[in-house]
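# Coordinate inspection notes
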Amino acid sequence: MNKPVNDGLWSGTWVAERLGVELVGDDRLTGLLGLALRRNPKRAHLLVSNVLGKHVPQSPSVVYGHGFALGRRVRDLLGADQSGRAVVLGYAETATGLGHAVADGLGTAPYLHSTRRPVPGVATAGGFEESHSHATSHLLLPEDPALLASDGPLVLVDDEFSTGNTVLNTIRALHARYPRERYVVVALVDMRAPSDADRLRQFADQIDAQVSLVTTASGTVHLPADVLQKGQELVAHHETAQLAEFHTEQAPSPAGASAGAEGAVVCGASVVPGQRGAVRVRRVELHWPRGVPDGGRHGFTPVHRDRLERALPAMAARIAEALPRGARRVLVLGCEELMYAPLRLAREVEQVVEAEVRYSTTTRSPVLAVDDPGYAIRTRLVFPAHDNPADGPGERYAYNVAGGGFDAVVAVVDSVADTPELRAPTGLLARLAAHTPHVLLAVVPSYLPVPPHAPERSPMLPEPLRGPAFSSYAPDEVGWLLQDLSDVTLEAPTEEREEAIQSGGAHYAESLPVEYQPSEQYQELFHAALTASAARIARAVGVVTETILAELPLRRKSPAGTEETPGPVLVSLARAGTPVGVLMRRWARFRHGRDLPHYAVSIVRGRGIDTNALRWLAAHHDPRDVVFVDGWTGKGAITRELAQAIRELEEREGITGFDPEIAVLADPGSCVRTYGTREDFLIPSACLNSTVSGLISRTVLRADLVGPHDFHGAKFYRELAGADASNVFLDAVSQYFPEVEDSVDMAAKELLSTDRTPTWEGWAAVERISEEYGIHDVNLVKPGVGETTRVLLRRVPWKVLARSGAGADLDHVRLLAGQRGVPVEEVDELPYSCVGLIHPRYTRGATGADGRAVTR
C-alpha cells in the first residue's frame, strides 16, 4: 500500500479526468480541496478538504489555525459589541471541530453543534435537514434553551457550501422560533453556483435579516450533465474489482495458507476484515476536567473553554509519555462528531513531541477508496459503529490511515463510544492495530446536561485509573474505579486507629495504617510460601475461572432463551481481590484466548460497596455480565454487605442485573457458591500489604475527601517500588497454568456437578468463638489465614487461635505473632487454619498479649 500522499499531483486529478469535473475559482482551491467519489445516490462527487481533519490526516495546528482565523475574521466583521453577543452553531458531523475553532477565534462566544445522536432525557430545541447528505436529520440539544433564544448574531459554520440548502433550512427553522437581525455564514470554501448565491440573498430579504458570508476561498464546481450516472458506474466498477481482488487473495495457496490469516487485508484501496487475535491497546488516562463537556453537542461556554485550556498541557503530557520511544509519525484519531477534543489534544501533543503529529477523525460517510496519487481517498478502514447509534448498527470508516506510515495511533473516543464493539475483533482498534505497531486509547467522558429545574445530577464519573500512573500493574490488567488520594496524609499509628475505631470515634475506612514494611526474614518467608503454594493457587484460579465461564450464560438466561454473551466482566473487591482478578483474567487469556474486562472497586464493611462504581459499570457493561471477585471468605460479612448494597441500588435507582454472588479462590467459611477450593490455605498475597497488590493502599471512605458523586479513594505508594512483589506473585502463579491445566478441567467438571449451597458454618464458628472468649463482637473475630494476617499487620491483636496440627501454612502467622508478643493458642475442631482475635478491651498501649507490652 502506498503512503496516502499526493506526490505533487492534485488529489482531484483522477476524478476530474474520468468525470469531467472542474474546480474553477481561487488559486488556493486545489490546495484546500481534492476530489473523491461518494457512495451516495444523491451526489456523485465529494469535495475532500485537506485542512478539515476529517478524511485527510493533517497537522492539527493547520486544522485548528484555519478555523481560528475564520473566527477572527468574523470578530472583525461584527465588531466588539455584536461579537460579545454572538452564538456559534456548527454542523455535524464534519464541521463540529471547525465550528468550535471559529468560536475560539471569536473569543467570547458560546458554541453549539448539531448532532445526529439523540440523548435520552434531553429536549430538542430545533432541527433541520441536510438534503444531500447520507444522514440527513440534524438535532439541536442545548443544555440551556436560552442559548438559541438570544437576539445576538448567529454564526453558522460548515466545511463547505455547495448549494446553500443546509444553511437555508437551518435559518428558516431557527428564525421561525428565534428571530434575529443578523446571521453570519462561515465555511472553508464557498462552491455555490451563482444561482445559489442569489437564492440566499433573496431569502435574507424575505426574513428581513442581514446574512453575511466569511470563507477562506471560493469558486464553483462544473459538473457534466451525466455526472451522477457516470459516478455511480465508476463506484460500482471499482468496488466489484476490489471485491474480486480480495477473493483472489483469499484463495488458498498451494500450501493451504489464507492471504487474510494475519489480519486485515488490503484489497485495492479498501481494508477488508481478516482474522486477528486479541488486540493489545494501551489506555491513556486523560484526567479530563470534571464538568467540562466533551464538545458542543449540548453547548460549550467561555468558562468551559478556560477550564479546558488550563487542563490541556497535563493531558497532552500523559499522551506524550505513553507514546513509544522513537516514534516518528503519530496520528491522533477522533471519532465522528467528537472532533474538537481530539483536535486540541493533538495540537497540544504536537508542541511537546519530536514526532510528526497528524490529526483526522472517523466518519459515517461512505466514500470509494482508490490507491492513486491523484485521488483524495487512498485507503479505507471499515469497522462497525461502536456508539450504539439510534439508527442502528452500520459501517463506519477511517480514511487515509492505512498505509500512512504511522508508528502510533491515538484513538480518542467519548465514553458512550467506549463499548465492546470498539474492541471487537472487527472493531476500530483491531483495524488500527493491523496497520500500526502501537494503538493507544484515550476516553473523554461524555457530557450529560442537567435537565432544567431538576435537582443537581451526579456529574460524569471519570474513567478508571490504570498503571503505571496508578498501581504497578500493567494498564490492561486492571482498571481501578477509585480516586487517587496519594497526595493526602491518611496514615495513623495502629494504636491510635484501634482506639478511635473501638470507641466509635472513627470508622476503619477513614484512615490508613502505617504501611507495614516486612523484615528480611519475613520477606524470605513470603517467597518460600509462594514457591510452596504457587501451583496450588494456579489450580484454584483455573477452577474458579472455569466455573464462571461455564455458568455465566445461565445467569443471562431470558424468557426467550439463553442469550449470547461476550464473557464475564471481572470486578475485584479492592484490594485483596485484585491480584486474584488479574490471575483469573490471565487464565482466561491462557486457556481460552479471551481478554476479559477487569476492574477493581471499593467495598467497606458497614458502609457498603461504592455505588458510583456500580453506576459506572452499569453505564459501560451489562450488569448481568459482572462477576465480583475476592481472595477468600472469612465469616461472610462482605458477601452480606454486597447483597444488601445491590438490593438498595435496585430499590433506589432501578439499576438491576448485578448478581451479589462473590467468586473467591478459597471459601473456608462456606459463604459462597463459586470458589476454587474450600480449604483454608495460605494465599501468599495475604502476607503483604500494598507491595503485593500493585502498591495500592486499602480503600478510603471519608466525607471530607469523598463526595456523594466520587469514587472511594486509595493511595498509590510509588515510593515502595523497590520492595514491590506484585508482579513477582502474579508471574510465579501464572507459570504453573500449563502444568495444572488437566487437573483444573477435572476439578471444575466435578465442582459444577456438586451441591455448592453455602452452609455458613464459618459464621456459626465465629459467633461461638466470640461468646466463648468473652468478646461479644463478631467484628473483632477474624477467621482464616488471610484475615488473621491482616489482624497482625493492621490492627491490635489479642491472640491467635490455630487449628491443632496446622503446618507450614501458618509459619508467617507465628512469625508475626512472635514479633508483636501475641500468643498462639492451638484449638481442636476449628473450621479454619487459624483465627485472629482483635483486642476486645483496647486502650492506648494495649498492643501485646497483656494489654501493655509492645514488641517492636
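Below or above, wherever it landed, is the structure these notes cover. (Residues numbered from 1 in each chain as written. Predicted model: local features only at pLDDT ≥ 70, side-chain atom pairs only at ≥ 80, totals over all residues. Heavy atoms only, no water.)

### Concerning the overall build of the chain
Using the following cut-off: Every helix listed is a DSSP run of H or I at least four residues long, and every strand listed is a run of E at least two residues long, numbered separately from the N terminus. Three labels apply to residues, based on accessible area from a 1.4 Å probe with only protein chains included: buried if under 20% of the type maximum, exposed if over 50%, partly exposed otherwise in between.
The helix and strand inventory of the chain stands at 20 helices and 34 strands. Across the 856 residues in the chain, those meeting the buried criterion constitute 59%.

### Section: the nonpolar core
The cut-off we apply is this: Side-chain atoms within 4.5 Å are what join buried Ala, Val, Leu, Ile, Met, Phe, Trp, Tyr and Cys residues into a set we call a nonpolar core. Residue contacts are counted whenever heavy atoms from the two residues lie within 4.5 Å of one another.
Counting residues in each nonpolar core, the largest one holds 135 residues, and the members touching the most others are Leu37, Val88, Val155, Val186, Tyr375 and Leu432. Sequence-distant contacts of Val155, that is, excluding residues within four places in its chain, are made with Val74, Leu78, Ala86, Val87, Val88, Leu89, Val102, Leu106, Val184 and Val186. In this structure, Val569, Tyr675, Leu695 and Val822 belong to the second largest nonpolar core, which totals 101 residues.

### Section: the side chain of Arg364
Here is the rule we go by: The definition of a polar contact used here is a pair of N or O atoms within 3.5 Å, where within protein one atom must be able to donate a hydrogen and the other to accept one, and adjacent residues in sequence count solely through side-chain atom pairs.
As for its position among the elements, Arg364 is in the loop between strand S15 (356–361) and strand S16 (380–384). For Arg364, a relative accessible area of 12% puts it in the buried group. A polar atom in the side chain of Arg364 sits 3.5 Å from the side chain of Glu336.

### A short note on the sheet that holds strand S19 (residues 439–444)
Test applied: Note: two strands are recorded as paired if DSSP finds a minimum of 2 bridges between them. All axes are obtained by fitting lines to C-alpha atoms, using only the stretch in contact for helices, and the reported angles, taken between N-to-C directions, cover 0 to 180 degrees.
On the basis of which strands lie adjacent, the open sheet formed by five strands has the order S13-S19-S18-S14-S15 and parallel pairing. A single partner strand is all that each edge strand has here, and the edge strands are strand S13 (282–284) and S15. Pairwise comparison of adjacent strand axes, ignoring direction, gives a mean angle of 25 degrees for this sheet. Summarising the sheet, strand S14 (residues 329–334) and strand S18 (residues 408–414) pair through four bridges and their orientation is parallel.

### Examining the packing of aromatic side chains
We count it as follows: The rule is short: rings of Phe, Tyr and Trp, with Trp giving its six-membered ring, pair when the centres are within 6.5 Å, and they are stacked under 30 degrees, edge-to-face over 60, tilted in between. The criterion is that NZ of a Lys, or CZ of an Arg, lies within 6 Å of the ring centre and within 35 degrees of the ring normal, and then a charge sits over that ring.
Overall, the coordinates contain 12 aromatic pairs when judged by the stated rule. For the ring pair Tyr64 and Phe68, a centre distance of 5.8 Å and an interplane angle of 35 degrees mean the geometry is tilted. Taken together, the positions of Tyr64 and Phe68, both in helix H3 (residues 60–83) and four residues apart, correspond to about one turn of that helix. Overall, the relative accessible area of 25% leaves Phe68 in the partly exposed class. Plain terms: the ring middles of Phe470 and Trp480 are 6.0 Å apart, the flat faces sit at 75 degrees to each other, and that makes the pair edge-to-face. In this pair, Phe470 is assigned in the loop between S19 and strand S20 (479–480) and Trp480 in strand S20, connecting sequence segments 10 residues apart. The same class applies to Phe470 as to Trp480, namely buried. Of the aromatic side chains, those joined through ring pairs into one cluster are Phe470, Tyr473, Trp480 and Phe716. A cation sits over an aromatic face here: Arg344 above Tyr64, 4.7 Å from the ring centre. A cation over an aromatic ring shows up here: Lys799 above the ring of Trp798, its NZ or CZ 4.6 Å from the ring centre.

Structural measurements only, silent on function.
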